[in-house]
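As a plain string of letters, each chain reads:
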Amino acid sequence: MMHSAKLRKMTLLANFLAIAIVLNIIESAIPIIPVPGAKLGFANIVTLIILYVYSFKDSVIITLLRVLLVAILSGKLLGVTFYMSLSGAVFATLAMGFFKQLNYFGFVGVSTIGSVFHAIGQIAAGIFVIGSTAVIAYLPIMLFLSIPAGALTGIIAQRFYTIWRSWHNEIS
Amino acid sequence: MKAKLSVKSKRDILLVTLLFIILGGIYILFRLFAFQGEASIANVYYGTSNEPIVSIDFINYRVIANYDQDVPSSYNQVYPIIDESANTITLLGDYEIDGTRQIVVIQYNFGAKSVQIIQEQSPNNICSREGVSTGWPLICLPNRIRVEFETNGEDFTI
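In this text, all values refer to a predicted model and were calculated from it rather than measured experimentally.

What chain B contains, in helices and strands, is 1 helix and 10 strands. Starting at the N terminus and walking to the C terminus, you meet the elements of chain B as α-β-β-β-β-β-β-β-β-β-β. For chain B, whose C-alpha radius of gyration is 21 Å, the value lies well above the compact-globule estimate of 15 Å for 158 residues. Considering chain B as a whole, with its 158 residues, one finds that 32% of them fall into the buried category. In chain B, the proportion of contacts linking residues at least 24 apart, taken out of those at least 6 apart, comes to 38%.

Okay, here's the thing in structure tokens:
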């Protein structure tokens, strides 16, 4: 029984990683956001789900693997977008982990905070990449767009979690 | 099925609404009041350097190349290329296609005191979509090239 639970977790995490990579690549192909190199962070759906389904540690590992694999797949490892993705992902994951632990907000709240930190993280990396605080000019629009993006991410993750819970209770 | 909202959901809605109003307000204020002065100089930078490679002087109608861009010798070309008839400045960006760095073309307009990135390679060509600017910094992160404006008179600093 223990063995099958472990196996199930591994399979699920592998699937989540694949989904996150696809989401990340699709997202970088859609120019919704007017800031070069920046993303809204829809791949954070996976980070958020793993955070609730499993643990903070698992979500950190999957998120870092996702950022690394997307960079390798797009052939631009250690490029500008890689640093921005990495910084945004780290900020978002830490913020979501903290606020989930705080247990004050629900999915949507945690996700929105994560999304706001994702924007801040990317801009912070942008400042380092270009050595100028001029990038901050893009912060207000990024922060503003991150709210609906974060809320939407949260709603989807919550929906998934509810379904997953009932499914999980059935099989175990 | 109208389920009663949990305490957490209420907090979530409150948080999202508050953030939306506050950050939306900041964005609108920023859009209205930041970078509004008339530009006197536009500086073009490459990489993390704070020394402008090219300065566009809107007062004296001059374009000054301060120094050559540090480009690997395999590119057989000295950058920046300044074309006074087409009003363009060409630099070598950081974005690579098949291992070759791509050029970034910046066009200036003395009359309108404006600058625009007209040609570059980046994901979705997002840098040239930033459009014409008379004060907002133009930043092309994938190419690590940026244009910042210096304004005289009433200056708005963040």
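Residues and elements named next belong to chain B. With 7 bridges connecting them, strand 5 (residues 88–97) and strand 6 (residues 100–109) associate as antiparallel partners. Within strand 6, the position partnered with Thr88 by the bridge is Gln107. Hairpin geometry of strand 5 and strand 6 is characterised by an intervening segment of 2 residues between the two adjacent antiparallel strands and by a positive phi of about 50° at Asp98. Pairing of strand 6 with strand 7 (residues 114–119) involves 5 bridges; the strand directions are antiparallel. Bridge assignment links Gln107 to a residue of strand 7, and that residue is Gln116.

On to the sheet that holds strand 9 (residues 138–140) of chain B, then. Residue and element names in this part refer to chain B. With antiparallel pairing, the 5 strands of this open sheet are ordered in space as 3-2-1-10-9. The two strands at the open ends of the sheet, each matched to only one other strand, are strand 3 (62–65) and strand 9. Geometrically, the sheet is characterised by an average inter-axis angle of 15° between neighbouring strands, direction not taken into account. Where strand 2 (residues 54–57) lies against strand 3, 4 bridges are found, and the strand directions are antiparallel. What sits directly across from Val54, in strand 3, is Ala65.

As a further point, take unusual backbone geometry. The peptide bond linking Tyr79 of chain B to Pro80 of chain B adopts the cis configuration, its omega dihedral lying at 0°. Along the chain, Pro80 of chain B falls in the loop between strand 3 and strand 4 (81–83). A positive phi angle, close to 60°, is found at Asn103 of chain A, a residue other than glycine. The residue Asn103 of chain A is located in the loop between helix 4 (80–102) and helix 5 (107–130) in this model. Of note, the phi angle at Asn87 of chain B is positive, near 55°, even though the residue is not glycine. With respect to the helices and strands, Asn87 of chain B occurs in the loop between strand 4 and strand 5.

Rules of the game
Residues numbered from 1 in each chain as written. Chains lettered and ligands numbered in written order. Predicted model: local features only at pLDDT ≥ 70, side-chain atom pairs only at ≥ 80, totals over all residues. Helix = DSSP H or I, 4+ residues; strand = E, 2+ residues; numbered from the N terminus. Rg over C-alpha atoms; globule rule 2.2 N^0.38 Å. Buried ≥ 20, exposed ≤ 12 C-beta atoms within 10 Å, placed from the backbone. Contact = placed C-beta atoms within 7 Å. Pairing = 2+ DSSP bridges. Axes fitted to C-alpha atoms, helices over the stretch in contact; angles between N-to-C directions.

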